[in-house]
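Here is how the chains run, residue by residue.
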Amino acid sequence: MKKHIVLIIVLSLLALWPFFKKGYFETHDGDWIIIRFSAFHQTLAAGQIPVRFVDRLNNNFGYPVFNFLYPLPFYLAEVPKLLGFNFEESIKLITVVATLGSAIAMYWALSQKFKKEASFAGAVIYLFAPYRFVDLYVRGSFGENVAFLFIPLILGSILKIIKGNKLFLPMLSFFVAGLILSHNIIAILFLPVLFLFAQIVTRKEKLEILKAFLGGLAMSLFF
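Figured I'd write up the structure that's included with this text. (Residues numbered from 1 in each chain as written. Predicted model: local features only at pLDDT ≥ 70, side-chain atom pairs only at ≥ 80, totals over all residues. Heavy atoms only, no water.)

We now examine the side chain of S173. For S173, the position within the fold is in helix 8 (residues 168-182). A relative accessible area of 10% means that S173 is categorised as buried. Only 2.7 Å separates the side chain of S173 from the backbone oxygen of A212, close enough to count as a polar contact. Once you skip the residues sitting within four places of it in the chain, S173 turns out to touch K211, A212, G215, G216 and M219. (Helix = DSSP H or I, 4+ residues; strand = E, 2+ residues; numbered from the N terminus. Buried < 20%, exposed > 50% of the residue type's maximum accessible area, 1.4 Å probe, protein only. Polar contact = N/O pair within 3.5 Å; in protein donor to acceptor, adjacent residues only side chain to side chain. Contact = heavy atoms within 4.5 Å.)

Next up on the list: the environment of K211. Structurally, K211 is set in helix 10 (residues 206-219). Take K211: its relative accessible area is 55%, and that puts it in the exposed class. Each C-alpha atom of the pair K211 and G140 lies 34 Å from the other, and the pair is 71 residues apart in sequence.

Look at helix 1 (residues 2-15): 20 Å from first C-alpha to last across 14 residues, which is about the 20 Å you get at 1.5 Å a residue. Turning to helix 1, its buried residues are H4, I5, I8, S12 and A15. The buried residues of helix 1 occupy an angular sector of 100 degrees when the element is viewed end-on, so they sit on one face. Facing away from the buried surface of helix 1 by more than 90 degrees, the exposed residues are K2, K3 and L14. Of the surrounding elements, those touching the buried residues of helix 1 are helix 4 (87-110), helix 5 (116-128) and helix 6 (130-139). (Expected span 1.5 Å × (residues − 1). Arc of directions from axis to C-beta.)

With 21 residues, helix 7 (residues 142-162) extends 32 Å from end C-alpha to end C-alpha; this agrees with the ideal 30 Å at 1.5 Å per step. Judged by how many residues are buried, helix 7 sits mostly within the fold: 19 of 21 residues are covered. Positive backbone phi, approximately 100 degrees, marks G164, located one or two places after helix 7.

Moving on: the nonpolar core. Of all hydrophobic cores here, the largest spans 58 residues; its most connected members are F74, F142, I154, L172, L179 and F213. With 13 residues, the top contributor of residues to this core is helix 7. Sequence-distant contacts of F213, that is, excluding residues within four places in its chain, are made with I154, I158, L172, V176, L191, L194 and F195. (Core = buried A, V, L, I, M, F, W, Y, C linked by side-chain atoms within 4.5 Å.)

Judged by side-chain polarity, V79, L83, F85, L93 and V97 come together as a nonpolar surface patch covering roughly 450 Å² of accessible area. Looking at the element boundaries, L93 is found in helix 4. For L93, a relative accessible area of 32% corresponds to the partly exposed category. (Patch = residues over 30% accessible without salt bridge, like charges linked within 9 Å, V, L, I, M, F, W, Y side chains within 5 Å. Areas by Shrake-Rupley, 256 points an atom, 1.4 Å probe, with all protein chains shown as cover. Salt bridge = Lys/Arg side-chain N within 4 Å of Asp/Glu carboxyl O.)

Encoded structure:
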């Protein structure tokens, strides 16, 4: 298992190598993400919690962008920003951590059901799927890159619950909320599939899993 984790980390760093270079490469949303994060940080520092209306954007007329733009990735980016990284570095760091974490999380999730070699193969496919690279280097979708971390975490939690580990019920709620708050469209696409999967493969925990999904939805209702 340790060997596979190390290999996943190495492959992830190779896939993410451009993020370690100085500067920020051009993507569809990249510049706007940095601009919006700087406005988000300014608004959060001014005491608006949760951040909804940023008054610096839209030619200083203000813009309620965070009523509909995924908020969680920007809150996460506040951590490196408070540690001294600049806006650009903070966005890049969270993207790297989320992408690396998504591959490890997929390995963990698949290992609940499959052999280590098969789980490793699945994690690598999840990491190197062409759409992931489109998100990273063409679209530059900050929220989607973070959302891909929560999909395997939800899957793994479901499989743990099926095995009788009830400690993952509250974790499932947090991961569902994390997916919704990371990218609402990805959540709309994947949550019904994951919920249906959970209801098909489980016998005794159907109601508990339903409550966990509803709990995640409840935690994200402010958005």
